Amino acid sequence: MKRIGLMVLMMLLVLTVSVYAGGEQESSEGPVFEVSSNVTEEGQVELLGKLFQRFVDEYNAENGTNYSLKFVSGQGMDIINTRMSSNNKPDIFSIDSPADSNEFAGSGLLLDLTEYAEQYSWDETIFDWAYSLAKVDGDVMALPFGYEGMVIWYNKEIMKELGLDAQSIDTLPEFEAAMKKASEADYIPVMLGSQDWPWAQEWYLSILYSYTGRDRVKKTIEGVEGYAWTDEAFAETVALYESWHDKGYLADGRSYVLTSDDAINLFTNDRALFKLEGTWAPYWMMPLEEADQNKIGVMLHPAINDIEEPHMPLAVGNMWCASSDTEHPELAAYLLDRLLDQDIQSEFLDVGYDLAPMQINESEFEGLIPVVEDMWNVVNGALADGSFGYTTWAFYPPETRVYLYEGIVNVLEDKITIDEYLSEMQRLNQKELEQGFNPVIPAAN
Amino acid sequence: MSVWRRLNHIFVYSFLCLVALLQLSPLLATLFNSFRSTKDITKFPIGLPTQYNLENYIEAWRVGEYTRAFANSIIVSSVSTISVVLMAIIAGFFLARSNFKIKDYIITYFGVALSIPVFAFLVPVYFSFSELGLVDHLIGLVLLFIAINMPFNILLSRTYILGIPRELDESATMDGCSVYQIIWNIIFPISKPIITTIALIVFVTTWNEFTVANTFLQSPELKTASTKYVLFVGERGSDLSLVYTAGIVTMLPIVAVFIALQNYFIEGMTTGSIK
Amino acid sequence: MARQVLSNRTRRQRLIAYASVLPIFLYHFILIVLPTLNTLTASFTNWNGIGKKQFTGISNYIELVGDPNFITAFGNNIKWMIVFLTLPIMLGILLGYILSGVKKGRLFFRAVYFLPYVISAAIAGKIFAAFYNPYFGINVALKAFQLDFIALDWLAPKNALFSVAFVDMWHWWGFLLVIFISALQQIDPLLYESARVEGASELQKIWYITLPSIRQTIVFIVLITMVWSVSTFEYVWVMTRGGPGSEILSTMLYKNAYFKYRAGYASSIAVVQMLVSFLIFAGFGALRKRMED
């Protein structure tokens, strides 16, 4: 009996402790406002937590309120989805793409920010193309944040060794010649790993489809008469991609066997000439040693036909939204607007987080490591031109998009034909349009 | 005869050692790699470390905020374990011994309950718990863990108790013991092997569980060790040595607990229960 | 007089039994089964996971049957089941038998074999994924030692499922071992004594005494192996995200629920998983009935 008594006592003790180990804060401090972010990297978590705390404090000071902040991180779409279908919703949160915010808005889960957008003049600050992504039926439903684009990185030393010049690789023949040379010298021409991150396949397809013809992509997604995924142009593009895979140009034929970390490691260990990744890549470049950093160069992907010049398929990296259930809409809008402050943009850069999609003072770009500075030059240059392309995750309908990067592997594996793949994409696209998907695709210049 | 015995002995032990080596080699490789630098690892995947610096460990511990995470994991796992053990022995006993009408239905129920995948109830339970304020709270997680681990361990305990001869409790009943006295004074001591087993299983399962814990705990200060590891590695995955180091750091406490638990309970283990 | 006391006693005992077991049963029922009914109803809708549900009848199930993804995934679960019904169980019994026979070092070996079970799926998955890496993994070492033929393309689609299953097996069979040891130790040593006296060989002892004595445990293990093979998730998700060659029912469910906004469809997959498990369980029940007759 004594033993049981002891056990019961222990249980009671642990139970009491765990009761106090709850996550709710006592209401001796003011109302709690919860911010949920999807960042996982330590530096980014710290910065965002610090910034939001500062904003809340300043809001409290200005308005005589006493909100206390609860900041949680590492919440990806699966967690957000679960939370938003329950009663434990965060007040503001970040989600992955405009397609997601469309879905959420369609289910009535987002706070209509239109009046705040007017109050804070967002239409004047934010890039037009980004701003249009935030609107659903003309109402502003989210704050687009972070612009990322698809570029291609290369190893400067291997370039030199092969006698190539990055600046002069602009067309398809030049690109394929470079890849052939790399392959013959026993290097992997283009590195890409999608084993643990299947979305990596869509990085490349974003570029290739965008390069097939931006206007074409826009009309196809919108379901315009006479345009379909099954068109010859797309079939040619997929065939091109498949040919690269078959020749071993694409990650030695194992782009879906290698993980994204493998791809990074192989590239930084001088085994590959090109690495396909977007403008978020600095997050793994910054921890490298200086000598390794300086080996990396960046450029826009070469053209694949005569239709499009090299350009940068764009995406918004994040959509910051407010829950329609929030009890503190003013604070929510205030916090979102503060993310657009000029002077914090350089802090975002330092930790490799996204930047606000607006014109940013050049001074914020100073003090960056060379390769990152190069990248922003490429990016800002492309944006200044006003020409950009369409990434899959920002602009395509969700199911079509998932099939895009899952199905392509079956094509590469010769399990389905290109026609079957494209037909399925067309079918899904049509289905989603019928079920109410609303494409928001600003026209490219 | 004795030579044959000796040879048999050697053969058996060599086999056991070989299997042990195979089981441990991935862990040993991980341990060694945690001390090597990423550059070395990319050059050759396994090998002995050239130096033993603990920087990586301190870094991994700090970044992962492991102290708090371990405290959380200990609370969650301990409470779950004790609860499930108690329920398993009690339910296991009655389902093995007693003869009440719905007994068979309940046994079948728990068997069928094993076939319910986590995703069948994850989201609805999250919804209900959020109404009750049980999300983002260690208690909510514990309650769910207990429910998840009940069926298997109750059935396991029942199977074991079926193997305990009835004469024991029958003689106790003759002596005038009440049912619960029988459970505490006879069944419990004899069931040490299965109690250890169940305790180990529940503790380890709840410690390592990721999917449910990640969904039900939001606040960073509540997160358990397994959740921390996944997030940590997700971001720094390309730094191979850090991946291995973080693995060791996350593993070490549970391995230590395991070694401690098993020694403590197995002390008096004897073969056969007639004694 | 005596009979009266006895029946009162049995009634009291029965009451105690009810009072003890019912709360436990209800706890589980309310927490797990009721929410599951929610998922069941969701499978008949086109729920996107966050908004309102719209009743669509059995359209999800019809789509499921024609979905090539589903058929592939289901097949992979069957393959997984077959793998786990053979190697780990045999290893568990074999080593359980050997270990319950040795005196010295039993605890040590038991601990060593059980150790991988203590490692979480996330860690083991990450570590083995690193080992499986074609450029930085063990293949490099194997080639250096002239063992090229073992250096397969581990995570290539045709090998992926088995490579992941291997990791789960490494982790799992120690668990079975512990359960089997527990069962083996319940066998009355007198049975072995009398067999030895009668001059039975080692194999005969195993066949006629050991295996029949742990029959119930073996059946139990086979049952849960089959049932849990249907809903296995973590190892595949951590190592390949259900990529080509290794898509299983749970990963397909997860993707549909959380990335494709098709929670209704995902629910139907969950229901199918439960149905299959029920059938397996019912099959065992019927088998047991026939064996007892």
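Residues numbered from 1 in each chain as written. Chains lettered and ligands numbered in written order. Predicted model: local features only at pLDDT ≥ 70, side-chain atom pairs only at ≥ 80, totals over all residues. Heavy atoms only, no water.

Caption draft 1: Spotlight on the interface of chain C and chain A. Residue-level contacts link 26 residues of chain C with 35 residues of chain A. Counting each side, the surface lost to burial between chain C and chain A is near 2,700 Å², with a carbon and sulfur contribution of 56%. It is I50, Y135 and Y261 of chain C that lose the most area in chain C upon contact with chain A, and together they represent 28% of the buried surface on that side. Counting the contacts that link chain C with chain A gives two salt bridges. (Contact = heavy atoms within 4.5 Å. Buried area = accessible area lost by both parts, 1.4 Å probe. Salt bridge = Lys/Arg side-chain N within 4 Å of Asp/Glu carboxyl O.)

Caption draft 2: Region of the structure containing a nonpolar patch on the surface. All names here are of chain C. Taken together, the side chains of L26, I30, L34, L37 and L40 define a hydrophobic patch exposed on the protein surface, amounting to about 420 Å² of accessible area. As for its placement among the helices and strands, L26 is situated in helix α1 (residues 2-42). Take L26: its relative accessible area is 42%, and that puts it in the partly exposed class. (Patch = residues over 30% accessible without salt bridge, like charges linked within 9 Å, V, L, I, M, F, W, Y side chains within 5 Å. Areas by Shrake-Rupley, 256 points an atom, 1.4 Å probe, with all protein chains shown as cover. Helix = DSSP H or I, 4+ residues; strand = E, 2+ residues; numbered from the N terminus. Buried < 20%, exposed > 50% of the residue type's maximum accessible area, 1.4 Å probe, protein only.)

Caption draft 3: Main features of unusual backbone geometry. For D186 of chain A, which is not a glycine, the phi torsion comes out positive at approximately 70°. As for its position among the elements, D186 of chain A is in the loop between α9 (172-184) and β7 (188-191). On the basis of relative accessible area, D186 of chain A is assigned to the exposed category, the value being 72%. Of note in this structure, R241 of chain C is not a glycine but carries a positive phi near 55°. Positionally, R241 of chain C belongs in the loop between α11 (234-240) and α12 (249-258).

Caption draft 4: Here's a closer look at the interface of chain B and chain C. Taken together, the contacts link 97 residues of chain B with 82 residues of chain C. Buried area between chain B and chain C, summed over both chains or domains, comes out near 8,000 Å², and the portion from carbon and sulfur atoms is 76%. Together, Q23, Y109 and F119 of chain B form the three largest contributors to the area buried by chain B at its contact with chain C, with a combined 9%. At the boundary of chain B and chain C, one finds zero salt bridges. Our enumeration of links across chain B and chain C arrives at eleven residue pairs in polar contact (both at pLDDT 80 or more). (Polar contact = N/O pair within 3.5 Å; in protein donor to acceptor, adjacent residues only side chain to side chain.)

Caption draft 5: Inspection of the domain arrangement of chain C at higher detail. For chain C, the assigned domains are domain 1 (1-37) and domain 2 (59-292). Taken over C-alpha atoms, the centre of domain 1 of chain C sits 35 Å from the centre of domain 2 of chain C. (Domains from an automatic or database assignment.)

Caption draft 6: A look at the confidence of the model for chain C. Scored by pLDDT, chain C has a mean of 85; 97% of the residues are at 70 or more. Across chain C, the element-wise mean pLDDT spans from 78 in helix α6 (residues 138-144) of chain C up to 91 in helix α2 (residues 59-66) of chain C. (pLDDT = per-residue confidence, 0-100.)

Caption draft 7: Fine view of helix α10 (residues 192-208) of chain B. The terminal C-alpha atoms of α10 of chain B lie 24 Å apart, and with 17 residues this matches the ideal 24 Å at 1.5 Å per residue to within 8%. Extensive coverage of α10 of chain B is indicated by the burial of 15 of its 17 residues. (Expected span 1.5 Å × (residues − 1).)

Caption draft 8: Broad picture of the side chain of T220 of chain A. Residue placement: T220 of chain A occurs in helix α11 (residues 214-222). If we skip the residues at most four places from it in the chain, T220 of chain A touches Y227, A228, W229, F234, Q426 and N429 of chain A.

Caption draft 9: Representation of empty space enclosed by the protein within the structure. This structure, assessed with the given rule, holds nine cavities of 30 Å³ or more. When its volume is computed, the second largest cavity comes out at roughly 1,100 Å³. Contributing to the lining of the second largest cavity are 41 residues, with V118 and T205 of chain B together with W228, S231 and E234 of chain C lying nearest its centre. Every element with two or more residues in the lining of the second largest cavity is listed here: α6 (118-132), α7 (138-162) and α10 of chain B together with α1, α3 (68-101), α7 (157-184), α10 (215-231) and α11 of chain C. In terms of residue count, the dominant contributor to the lining of the second largest cavity is α7 of chain B (six residues). Its residues assigned to classes, the lining of the second largest cavity shows 25 nonpolar, 13 polar and three charged. (1 Å grid on protein atoms, 1.4 Å probe; cavity = no way out; pocket = protein on both sides within 12 Å on 5 of 7 lines; lining within 4 Å. Points joined across faces, edges and corners; volume = space filled by probe spheres on them. Nonpolar A, V, L, I, M, F, W, Y, C, P; charged D, E, K, R; others polar.)

Caption draft 10: Spatial organisation of the packing of helix α5 (residues 121-132) of chain C against α7 of chain C. Residue and element names in this part refer to chain C. Relative to each other, α5 and α7 sit at 135°, their axes nearing to 10 Å. Judged on the interaxial angle alone, α7 and α5 are oblique. Once α5 is placed against α7, the crossing between them reads as right-handed. Touching A124, F128 and Y132 of α5 are S163, F166, V167 and W170, all from α7. A breakdown of the residues in the contact of α5 with α7 according to their chemical character gives six nonpolar, one polar and no charged. (Axes fitted to C-alpha atoms, helices over the stretch in contact; angles between N-to-C directions. Parallel < 35°, antiparallel > 145°, perpendicular 65-115°, else oblique. Left-handed = near helix turned anticlockwise from the far one by under 90°.)

Caption draft 11: Layout of the pattern of salt bridges. A full pass over the atoms with the stated rule returns 25 salt bridges over all chains. Across the salt bridge formed by K89 of chain A and D325 of chain A, the nearest N and O atoms sit 2.7 Å from each other. In this pair, K89 of chain A sits in the loop between α3 (77-84) and β3 (92-95) while D325 of chain A sits in the loop between β10 (313-322) and α16 (329-338), placing the two residues 236 residues apart along the sequence. Ionic pairing is found between E247 of chain C and K255 of chain C, a salt bridge with its closest N-O pair at 3.5 Å. K255 of chain C gets classed as buried once you look at its relative accessible area, which sits at 10%.

Caption draft 12: View of the packing of aromatic side chains. All chains considered together, the criterion is met by 60 aromatic pairs over all chains. Measuring from centroid to centroid gives 5.8 Å for F70 of chain B and W207 of chain B, while their planes differ by 20°, and the two rings are stacked. A residue pair is termed long-range when its members are at least 10 positions apart, and F70 of chain B in helix α4 (residues 66-97) and W207 of chain B in helix α10 qualify at 137 residues. A single burial state applies to F70 of chain B and to W207 of chain B, both of which are buried. Here Y117 of chain C and F175 of chain C contribute two aromatic rings whose centre-to-centre distance is 4.7 Å and whose plane-to-plane angle is 15°, an arrangement assigned as stacked. (Phe/Tyr/Trp six-rings, centres within 6.5 Å; stacked < 30°, edge-to-face > 60°.)

Caption draft 13: Summary view of the pairing of strand β6 (residues 143-155) of chain A. All names here are of chain A. In terms of burial, β6 is a largely internal element, 13 of the 13 residues being buried. Relative to β10, β6 runs antiparallel, the two being bridged by six bridges. Residue F145 lies in a different strand from β10, and its bridge partner there is N318. Of the pairings in the sheet, the one linking β6 to strand β8 (residues 272-278) comprises five bridges and is antiparallel in character. By the bridge assignment, V151 is partnered in β8 with E277. Across four bridges, β6 lies against strand β9 (residues 296-299) in antiparallel orientation. Looking at the pairing, W153 lines up with V298 of β9. (Pairing = 2+ DSSP bridges.)

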